[in-house]
Amino acid sequence: KLLDTIFPTDYRLLQFTSLTVGIQGGYMYNWKYKRWLFHGTLMVGLATQIQGKVLTSVPDRTYPHSTTGLIGNGRISATYSNNRLYFIFSTIIDNYQYPLSKIIQLNHTFGRVDITFGYRIFSENKKVLNRT
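All of the points below concern the structure found in this document. (Residues numbered from 1 in each chain as written. Predicted model: local features only at pLDDT ≥ 70, side-chain atom pairs only at ≥ 80, totals over all residues. Heavy atoms only, no water.)

### Some details on the overall build of the chain
Along its length, the chain carries zero helices and five strands. Mapped in sequence order, the helices and strands of the chain form the string β-β-β-β-β. Relative to its full complement of 132 residues, the chain shows a buried share of 18%. Total accessible area on the chain stands at roughly 10500 Å², and carbon and sulfur atoms take up 61% of it. (Helix = DSSP H or I, 4+ residues; strand = E, 2+ residues; numbered from the N terminus. Buried < 20%, exposed > 50% of the residue type's maximum accessible area, 1.4 Å probe, protein only. Areas by Shrake-Rupley, 256 points an atom, 1.4 Å probe, with all protein chains shown as cover.)

Printed below as a string of structure tokens:
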């Protein structure tokens, strides 16, 4: 209920769908230490977000809209790997800033954390066969 007070009465969202198309540039770095691999990325860019909004006041109609704005994204990860086991920890953060009008700007940030543990059933065989 509190979220409804943020938007004007004719702009209460029932559904919001988007597709982002753009170009990004940035810096990526990998660093290896023994059986560990560390990765970091920072990127910024410009993108158009194609949106479809369904309002609570008119639930049977979708209002298409597109806007161009800034996007930024950061990623970090750490991976450990040996012959049988592996572990991956990674985080991704995406930030989007789009002007809807001269006074209203849409800002949203998405984030994700992944933790993966794995066990290899078939290990790598590093024996070299000697044939003479």
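So that's the structure; there's more coming.
### A closer look at the packing of aromatic side chains
Following the criterion strictly, the structure yields nine aromatic pairs and no others. For the pair Trp31 and Tyr33, a centre-to-centre distance of 5.9 Å together with 20 degrees between the ring planes defines the contact as stacked. Residue class for Tyr33 comes out partly exposed when judged on its relative accessible area of 44%. Ring geometry for Tyr96 versus Tyr98: centroids 6.2 Å apart, planes at 15 degrees, classification stacked. Tyr98 shares its class with Tyr96; the two are buried. Ring pairing ties together the aromatic residues Trp31, Tyr33, Trp36, Phe38, Tyr80, Phe87 and Phe117, which thus form one cluster. (Phe/Tyr/Trp six-rings, centres within 6.5 Å; stacked < 30°, edge-to-face > 60°.)

### Points about the sheet that holds strand S5 (residues 105–119)
With antiparallel pairing, five strands are arranged side by side in an open sheet as S1-S2-S3-S4-S5. Looking at the sheet topology across the chains shown, the edges are occupied by strand S1 (13–33) and S5. With strand direction ignored, the average angle separating the axes of adjacent strands in the sheet is 15 degrees. (Pairing = 2+ DSSP bridges. Axes fitted to C-alpha atoms, helices over the stretch in contact; angles between N-to-C directions.)

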